[in-house]
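# Inside the fold
The residues making up each chain are set out below.
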Amino acid sequence: MMNPVLLIAIPLLLAFLSIILKHYKSQLLLLGSAVNMILIFGLQKGEYIIGGFKPPFGINLVLDDYAFISILVVNGLFLVINLMSFDKIDKLGTVLLVSLAGLNGMLLTGDLFNLFVFLEITSITAYILSSVSKKYQYSFNYLVLGTLGSGLYLFGLIILYSVFGSLNMADISKQMATANLNQMLIPTFLIFVGLAVEAKILPFNGWVKGVYGNANSLVGPLFASAYAGTMLFVFGRVFVQVLMVSSYLKVTLIIIGAVTLLAGEAAALSKTRIREILLYSSIGQSGLVVALFLSGLVFPAVLQIFNNIFSKAVMFTIGGKMADDTGTDEADELQGAFLKNKLAGLSFTVAAFSLIGLPLFYGFYSKINLLLGIFSLNNFWLPVVILLGTIIEGVYFIRLLVKLWTPGEEGHISTEEYATKFTIKIELAKVIGVVFLSAILIIAGILPGMVRNNLTESGQLLNEESPSYMFDLEGGI
Amino acid sequence: MKKIVAIALLVFIGALLFTGIYAIDGFPKYGEAKVADRVSEGYIMKNVTEANTDVVYGVSTNLETGSANYVTSIVVNYRSFDTLGEVTVLFVSSLGISLLLGGFSGKLRNRCKANFILRMGSKVVFPLIIMTGVYIFIHGHLSPGGGFPGGSMIASAILLLYLSDEKFRVNIENFKKTESTAGSLYVIIGLLGLVISNYFLSNFINTGTVGALLSAGIIPIIYVLVGLKVGSELTGVITDFLKEEVE
């Protein structure tokens, strides 16, 4: 039986060792993420105590279905992205190993302060990765906003500790059930703001444009899939299972999510650079997922996170690669780029279609699920917002795809001579990677039962009726 | 105008938070928190896993955590996983600084030469500061202090040498090796705990008598490692910051 703490300890150990073995940083990184992938399949669900002190006194790791499915996906994407962009790792090996430990820690921990520690580790690695683009001002902006956000999270947590006398998630959740929720408005809102900075929710997402918009083919997909997915999973954990939100605040926060969705999609529509379109689409998706979590629709939210992070991993890899090769990612200058890279273009197209939610692709299944879920809550304005967002999404993605597949003016027959003068050579590793990821999107679209059977437990788990390992506490206060 | 609005908003939010927080039932007034309602009591009485009524300095033996310093017992034993995280935070921050500034070379020059007293005086004080730093992290489980302050003190001694001697350079490779070894050993001690007693970072060594120098099991070992690691990391940070930007 494997202890999930190994998923944190092994990358960390390798990160420390990689300072001495400095010529093998990228190999150690691959070793670490591959070992993690193997370990995940040997894990057994349950609650794992660290240091031998029972919670709420000690720290525990919680490996329930929700945590299991999220670490599986995040570690998997992490490994695939590193394999695809192996050439870009170089000196970043140590940082990436630490970030892997941090991401796993955030997904597994059952303690709110421990979550803060891992949030700090993860965001510091993110600041470092964002500085790879050499646009230091954007990294600095990110650093200031991110630090402020984690500071506010800590402030909210301090208030919770003063009131409840505990930092353990399960313990706080238990005590929160009997507390007066209107009085809990301030700590809840502070924690929301703290997580919203990293989850890219309006108006705390000023850093995203500079950081995502200049990310290369390694950093871009990592941010848009592994990091973004983790932040949203953590958001779901904290706001569905740990904190109780009073109904007024809940409506306000759902509206914030919906506004983020529309604003993100609208901004994406007005952009012409590939990575900018993608980053605003990511912001919109985060808003959608947050609104779903707060509405209590955990299963559809998890489905939508998968849809978003798998698609974005493909699209940011290709978008980043184009920018790495040509120095620009203006769609106009890259017209017809996919004609020379058909397989990569096909994967990009599949990812875009899945994100829009066209039938036969995984995104359709996810969108149907979330719409049905919202209708079952008798909420009729949110589906309107989501469908409107989907239409905008369809417009800009299809416009982008047309540009990248068919060069030339409108009304002319497009031939290769109109295509971009730049030569973009997407390496075999990247092509295999993106084809693999987009194949998952197609297979999961044709056979959604496969996803559902592996996921329903995770979807139900955060509901009240079903048992959760998080609440199997011995003792307590 | 912008500044006035900002200040007004800040005051408003501050007042809102202040009144809002004290309106929460159960939010204790300053100095009136009841320890008995909190996890703290278990930490103070050292009775989280075993029944224990009295902790007597120099007499009680084999407690669940043998540290005489409450704070240390929380930081390095009850919540040691957080400390491993904080050590990682410092590690990755210093790594980030060296990635950002590592390309620069040369050492920042002082405008004028340090005078005789500073040069000689710092050489006299240097071993004393190092000794105090080492004392602080070795006694982390007995008296206030521990690995983080002790390590910072060691780095401050190096900073003093940098300021007083223009030609002074540390061999950063050796510090990196120390940092890496200390960090790895921290994780390995954690893994040993997992192997020996089935819990990561568990205190698998006999904790001895409260108050003795050789007590508290793995706590002093971890604090020595943290002290060495923090000292060498901050030395690396200082060295990087003193680099001159060469065009």
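Residues numbered from 1 in each chain as written. Chains lettered and ligands numbered in written order. Predicted model: local features only at pLDDT ≥ 70, side-chain atom pairs only at ≥ 80, totals over all residues. Heavy atoms only, no water.

## A short note on the overall build of chain A
- Check the secondary structure of chain A and you find 19 helices and two strands.
- Taken against the 2.2 N^0.38 rule, which gives 23 Å for 477 residues, the C-alpha radius of gyration of chain A at 22 Å falls within 12% of a compact globule.
- C-alpha extents for chain A along the principal axes are approximately 75 × 60 × 45 Å.
- The buried share among the 477 residues of chain A stands at 66%.
- Of the roughly 16,400 Å² that chain A leaves accessible, carbon and sulfur atoms contribute 66%.
- Side-chain charges in chain A split into 27 positive and 28 negative, and the spacing between the mean points of these groups amounts to 6 Å. (Helix = DSSP H or I, 4+ residues; strand = E, 2+ residues; numbered from the N terminus. Rg over C-alpha atoms; globule rule 2.2 N^0.38 Å. Buried < 20%, exposed > 50% of the residue type's maximum accessible area, 1.4 Å probe, protein only. Areas by Shrake-Rupley, 256 points an atom, 1.4 Å probe, with all protein chains shown as cover. Lys, Arg positive; Asp, Glu negative; His and termini not counted. Charge placed at Lys NZ, Arg CZ, Asp CG, Glu CD.)

## Re the interface of chain B and chain A
- Facing the 53 residues of chain B at the interface are 56 residues of chain A.
- Taken as a group, V39(B), R79(B) and F81(B) account for 14% of the area that chain B buries against chain A, more than any other trio of residues on that side.
- Across the contact surface, chain B and chain A share two salt bridges.
- Of the charged contacts in the structure, one is a salt bridge between D111(A) and R79(B), with a shortest N-O distance of 2.7 Å.
- Summed over the shared surface of chain B and chain A, the result is twelve residue pairs in polar contact (both at pLDDT 80 or more).
- Elements with a minimum of two residues in the side of chain B that touches chain A: α1 (2-22), α2 (40-45), α3 (70-78), α4 (80-101) and α7 (172-197) of chain B. (Contact = heavy atoms within 4.5 Å. Buried area = accessible area lost by both parts, 1.4 Å probe. Salt bridge = Lys/Arg side-chain N within 4 Å of Asp/Glu carboxyl O. Polar contact = N/O pair within 3.5 Å; in protein donor to acceptor, adjacent residues only side chain to side chain.)

## Some thoughts on unusual backbone geometry
Residue and element names in this part refer to chain A.
- Cis geometry is adopted by the peptide bond preceding P56, which originates at P55 and carries an omega value of 10 degrees.
- Between L202 and P203 the backbone carries a cis peptide bond, its omega angle lying at -5 degrees.
- Among the secondary structure elements, P203 is positioned in the loop between α8 (185-199) and α9 (208-213).
- Phi at K134 is positive, roughly 65 degrees, even though this residue is not glycine.

## Concerning the side chain of T88(B)
- Structurally, T88(B) can be placed in helix α4.
- The class of T88(B) is buried, set by a relative accessible area of 1%.
- A polar contact of 2.7 Å, which involves the side chain of T88(B), links it to the backbone oxygen of L84(B).
- With residues up to four places along the chain from it excluded, the contact list for T88(B) reads L12(A), F16(A), V98(A) and I121(A).

## Let's talk about the nonpolar core
- Core analysis: the biggest nonpolar cluster contains 201 residues, and L112(A), Y212(A), F239(A), F81(B) and F200(B) have the highest contact counts within it.
- Beyond its immediate chain neighbours, meaning those up to four positions away, F81(B) contacts V5(A), I8(A), I50(A), I59(A), L61(A), N114(A), F118(A), F200(B) and L201(B).
- The next biggest cluster of nonpolar side chains, apart from the first, holds eight residues, and it includes L161(B), Y162(B), F168(B) and I238(B). (Core = buried A, V, L, I, M, F, W, Y, C linked by side-chain atoms within 4.5 Å.)

## Comments concerning the pairing of strand β2 (residues 59-63) of chain A
Residues and elements named next belong to chain A.
- Most of β2 is tucked away, with five of its five residues classed as buried.
- Of the two faces of β2, the one holding I59, L61 and L63 and the one holding N60 and V62 are both buried throughout.
- Two strands pair when backbone bridges link them, and strand β1 (residues 46-50) and β2 are joined in this way by five bridges, in the antiparallel orientation. Residue pairing across strands places I49 opposite N60, the latter belonging to β2. (Pairing = 2+ DSSP bridges.)

## Considering helix α6 (residues 147-164) of chain B
- In this model α6(B) runs 26 Å from its N-terminal to its C-terminal C-alpha over 18 residues, within 8% of the 26 Å that 1.5 Å per residue would give.
- Looking at α6(B), one finds that the buried residues are G147(B), G150(B), G151(B), I154(B), A155(B), A157(B), I158(B), L161(B), Y162(B) and S164(B). (Expected span 1.5 Å × (residues − 1).)

## Let's talk about the packing of α8(A) against helix α11 (residues 247-269) of chain A
Residues and elements named next belong to chain A.
- The interhelical angle for the contact between α8 and α11, taken along N-to-C directions, is 15 degrees, at an axis separation of 12 Å. Overall, the two elements α8 and α11 adopt an arrangement that is roughly parallel. As for the relative orientation of α8 and α11, their crossing is right-handed in sense. Here L185, T188, F189 and F192 of α8 come into contact with α11, specifically with L249, L253 and I256. (Axes fitted to C-alpha atoms, helices over the stretch in contact; angles between N-to-C directions. Parallel < 35°, antiparallel > 145°, perpendicular 65-115°, else oblique. Left-handed = near helix turned anticlockwise from the far one by under 90°.)

## Comments concerning the side chain of D82(B)
- Assignment of secondary structure puts D82(B) in helix α4.
- Setting aside its immediate chain neighbours within four residues, D82(B) contacts I59(A), F113(A), N114(A) and V117(A).

## Structural notes on the pattern of salt bridges
Residues and elements named next belong to chain A.
- Summed over the entire model, instances satisfying the criterion amount to 17 salt bridges over all chains.
- As a salt-bridge pair, E276 and R273 come within 3.7 Å of each other at their nearest N and O atoms.
- For E276, a relative accessible area of 11% puts it in the buried group.
- K430 is the salt-bridge partner of E427, the closest N and O atoms lying 3.2 Å from each other.
- Its relative accessible area of 1% is what places K430 among the buried residues.
- What you see here is one network of salt bridges that share partners, running through D87, K321, D325, E427 and K430.

## Observations concerning the packing of aromatic side chains
- Taken as a whole, this structure holds 28 aromatic pairs over all chains when the rule is applied.
- Judged by centre distance (6.3 Å) and plane angle (5 degrees), the rings of F116(A) and Y153(A) are stacked. Highlighted residues: F116(A) in helix α5 (residues 112-130) and Y153(A) in helix α6 (residues 136-164), separated in sequence by 37 residues. In this structure, F116(A) and Y153(A) share a single accessibility class: buried.
- Taken together, the ring pairs in this structure connect Y127(A), Y142(A), W207(A), Y212(A), F223(A), Y227(A) and F316(A) into an aromatic cluster.
- Residue placement shows K45(A) over the ring face of F68(A); its charged tip is 4.9 Å from the ring centre.
- If you follow R38(B) out to its NZ or CZ, it ends over the ring of Y161(A), 5.4 Å from the centre. (Phe/Tyr/Trp six-rings, centres within 6.5 Å; stacked < 30°, edge-to-face > 60°. Lys NZ or Arg CZ within 6 Å of the ring centre and 35° of its normal.)

## A look at the environment of T65(B)
All names here are of chain B.
- Here T65 lies in the loop between α2 and α3.
- The buried category is assigned to T65, whose relative accessible area is 0%.
- Excluding anything up to four places from it in sequence, T65 contacts K46, S73, N77, Y78, T207 and I219.

## What to know about a nonpolar patch on the surface
Residue and element names in this part refer to chain B.
- On the surface, a cluster of nonpolar side chains totalling about 750 Å² of accessible area is made up of M1, I4, V5, L9, F12, I13 and L16.
- Tracing the backbone shows F12 in helix α1.
- Its relative accessible area of 52% is what places F12 among the exposed residues. (Patch = residues over 30% accessible without salt bridge, like charges linked within 9 Å, V, L, I, M, F, W, Y side chains within 5 Å.)

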